[in-house]
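Tertiary structure, described
Residues per chain, in single letters:
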Amino acid sequence: MSTFTVTDPSTGTPITTLARAEVAEVDAAVADAVRTQRAWAALAPVARADALRSFARVVEAHVEELAALEVRNSGHPIGSARWEAQHVAQVLNYYAGSPERLIGKQIPVAGGLDVTYHEPYGVVGIIVPWNFPMTIAAWGFAPALAAGNAVVLKPAELTPLTAIRLGELALEAGLPEGLFRVIVGSGSVVGQRFVSHPDVHKVVFTGSTEVGTEVAAGCAQLLKPVTLELGGKSANIVFADADLEKAAAGVPGSVFDNAGQDCCARSRLLVERSVYDRFLELLEPAVAAWRVGDPHDEDTQMGPLISASHRSTVAGFLDGADVAFRGSAPEGDGFWFAPAVVLAQPGDRIARDEVFGPVLAVLPFDDEADAIRLANDTAYGLAGSIWTENLGRGIRVSRGVRSGVLSVNSHSSVRYSTPFGGMKASGLGRELGPDAAEHFTETKNVFYATE
């Protein structure tokens, strides 16, 4: 049995050592899930709803514990980590309303009654990335459980600790043993077994586009449905008629939050040429004021990068780049990286590839058409922002930009009550929103003859 070490990214010191699951352990977890799921799906909808609300209450009671664990394992600032733990409880509460609302349709037909039913897939395999371990896990397991499925969840090896704890809290809340199981291990073993196992009937994957295409290809071999939330290179478009001071003040949070390790990060800043110089003047003090430091400090806005190897990757994007200015970061132990603002050209690597770090590429544009062209000049299409005081322009540009999640005069990306997902190389399918539980079901059509 192989093991791996979980590290505190703010200090570079080990936290714990965990064993990697092998295929036999995955198979045993799936077998347990199959047995448990049958009884779970047979419960009255109100009983499943009550169980999810109980889970939410237990999470609420452990918010501070979960937040502290995330600070230590992921380097998230304590304020962010506390919000993330509370978000898990909110997502569970929201989808606790779904079991009683998975309503089919009665379709008018001749000679009888035609009815559709939402039937759970059975066992769902969820593969979670390292950047937002709690929240992204909840986006999958809460609606999946609400729909009557069992869940086997694989967290990333870099950040498994809060997922493990959520699995324990589910049992404390009274969820049946085997219904929600967290399996720690490598993607090539655990994740691949989710894809190939005949009793895992749906896979949800969040991660890189490269791995996502492999997951999709494997699922296609078994005609297994898959939801993919992948990479991004989102644009933040600022027009000359925008409130420039407000737009500039919002830029650091749009790209440096979670140290830029966010697929929704607005890592390309597109500024109308007539206000380009003025906007950079406003942006520099905003970047300088962005507080990077000890994630345990309540005033910290950005912690470290996740690992030394990832820091090297992010730093490589600055090689030969025209760095306009940088923020500050601690020195010494930990995987620290000062935020950077780079003046870029459309063909530059930094303007096209996902950095997944606190690096912002700035490019000018000439008019609406040019802004839309530049925003779409990427393989990705996940998120983005548009800053303008012109309502018509906001509507036109938001319709023209090919991204799944856009906001006008804000940087909002995720609300559990609205659908989330990308276009192009940013993924397939949608998570969250009022219909998310239906995405974990198959529609069955039944005709009852009356003649």
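The structure contained in this document is the topic of the report that follows. (Residues numbered from 1 in each chain as written. Predicted model: local features only at pLDDT ≥ 70, side-chain atom pairs only at ≥ 80, totals over all residues. Heavy atoms only, no water.)

This part covers the sheet that holds strand β10 (residues 235-238). The strands that make up a sheet pair up through hydrogen bonds in the backbone, lying either parallel or antiparallel. Strands sit in the order β12-β13-β14-β11-β10-β16-β17 across an open sheet of seven strands; the sheet is mixed. Here the strands that pair on one side only, and so sit at the sheet edges, are β12 (322-326) and β17 (407-408). Bridge analysis of strand β16 (residues 384-387) against β17 gives two bridges, and the strand direction is parallel. The residue of β17 that forms the bridge with I386 is V408. (Pairing = 2+ DSSP bridges. Helix = DSSP H or I, 4+ residues; strand = E, 2+ residues; numbered from the N terminus.)

This next bit is on helix α12 (residues 368-375). Of all eight residues in α12, six are buried; the element is thus mostly enclosed. At its buried positions, α12 is contacted by β10, β11 (268-272), β14 (359-365) and α13 (391-400). (Buried < 20%, exposed > 50% of the residue type's maximum accessible area, 1.4 Å probe, protein only. Contact = heavy atoms within 4.5 Å.)

Along strand β1 (residues 3-8), the buried face is formed by F4, V6 and D8; none of T3, T5 and T7, which line the opposite face, is buried. As judged from the six bridges shared by β1 and strand β2 (residues 13-19), these two strands associate in the antiparallel manner. Residue pairing for β2: T7 is matched across the bridge by P14. Taking the residues between adjacent antiparallel strands as the criterion, β1 and β2 are bridged by four residues, where G12 takes a positive phi near 75°.

Rolled over the atoms, a probe with the dimensions of a water molecule shows which regions are left empty. Taken as a whole, the largest pocket holds about 810 Å³ of empty space. The wall of the largest pocket is formed by 39 residues, among which F205, T206, G207, S208 and V211 lie closest to the centre. Listing elements by their share of the lining of the largest pocket, those giving two or more residues are α7 (187-196), β8 (202-206), α8 (209-221) and α11 (308-316). With six residues, α8 is the largest single contributor of residues to the lining of the largest pocket. Residue classes in the lining of the largest pocket are distributed as 17 nonpolar, 15 polar and seven charged. Computed from the structure, the second largest pocket encloses a volume of approximately 570 Å³. The wall of the second largest pocket is formed by 26 residues, among which F132, D257, D262, S413 and V414 lie closest to the centre. Every element with two or more residues in the lining of the second largest pocket is listed here: α4 (78-95), α5 (133-146) and α9 (244-256). Residues of the lining of the second largest pocket, tallied by class, amount to ten nonpolar, ten polar and six charged. (1 Å grid on protein atoms, 1.4 Å probe; cavity = no way out; pocket = protein on both sides within 12 Å on 5 of 7 lines; lining within 4 Å. Points joined across faces, edges and corners; volume = space filled by probe spheres on them. Nonpolar A, V, L, I, M, F, W, Y, C, P; charged D, E, K, R; others polar.)

Evaluation of the coordinates by the stated rule reveals zero disulfides. Note on C264: no disulfide assigned, nearest cysteine sulfur contributed by C263 at a separation of 4.5 Å. Of the residues examined, C264 reaches a relative accessible area of 5% and is grouped as buried. (Disulfide = S-S within 2.5 Å.)

Another aspect to go through is empty space enclosed by the protein. If you walk through the whole model with that rule in mind, you get four cavities of 30 Å³ or more. When its volume is computed, the largest cavity comes out at roughly 70 Å³. R268, A375, T378, Y380 and S403 are the residues nearest the centre of the largest cavity, which is lined by 17 residues in total. Split into classes, the residues belonging to the lining of the largest cavity amount to six nonpolar, seven polar and four charged. Volume-wise, the second largest cavity comes out at about 60 Å³. What lines the second largest cavity is G232, G260, D262, C263, A265, S267, E354, V355, F356, G357 and V359. Partitioned by chemical class, the residues of the lining of the second largest cavity number five nonpolar, four polar and two charged.

Ranked by internal contacts, the top residues of the largest apolar core, which has 79 residues, are F55, L92, F141 and L153. Per element, the largest residue contribution to this core is ten residues, and it comes from α5. Apart from the residues lying within four places of it in its own chain, the contact partners of L92 are L52, F55, A56, V59, F141 and A142. Core analysis: the second largest hydrophobic core is formed by 55 residues, A235, V275, F317 and W336 among them. (Core = buried A, V, L, I, M, F, W, Y, C linked by side-chain atoms within 4.5 Å.)

Okay, the packing of helix α2 (residues 45-61) against helix α6 (residues 161-172) next. Contact geometry for α2 and α6: axes closest at 9 Å, N-to-C directions at 125°. Taken as axis vectors, α2 and α6 run oblique relative to one another. For the element pair α2 and α6, the recorded crossing hand is right-handed. Packed against α2, whose contacting residues are F55, V58 and V59, the element α6 presents L166, L169, A170 and E172 at the interface. Taken together, the residues of the contact of α2 with α6 break down into six nonpolar, no polar and one charged. (Axes fitted to C-alpha atoms, helices over the stretch in contact; angles between N-to-C directions. Parallel < 35°, antiparallel > 145°, perpendicular 65-115°, else oblique. Left-handed = near helix turned anticlockwise from the far one by under 90°.)

The next point concerns the packing of aromatic side chains. Per the stated rule, a full pass over the model turns up nine aromatic pairs. Ring centres of F239 and F365 lie 5.1 Å apart, and the angle between their planes is 75°; this geometry places the pair in the edge-to-face category. Here F365 lies in strand β14 and F239 lies in the loop between β10 and α9, a separation of 126 residues in the sequence. For F239, a relative accessible area of 1% gives the class buried. Seen from their ring centres, F256 and W290 are 6.5 Å apart, and the 55° between their planes marks the pair as tilted. Remark: W290 occurs in the loop between α10 (276-288) and α11 and F256 occurs in helix α9; sequence separation between them is 34 residues. You can call F256 buried: its relative accessible area is 0%. Residue classification places W290 among the buried residues on the basis of a relative accessible area of 12%. Here a set of aromatic residues connected by ring pairs shows up, and it is made of F55, F141 and F180. (Phe/Tyr/Trp six-rings, centres within 6.5 Å; stacked < 30°, edge-to-face > 60°.)

Turning our attention to the side chain of S10. Within the fold, S10 resides in the loop between β1 and β2. Within the structure, S10 has its side chain in polar contact with the side chain of D8 (distance 2.7 Å). In this view, S10 contacts P295, P304, D333, G334 and W336; residues no more than four positions away in its chain are not counted. (Polar contact = N/O pair within 3.5 Å; in protein donor to acceptor, adjacent residues only side chain to side chain.)

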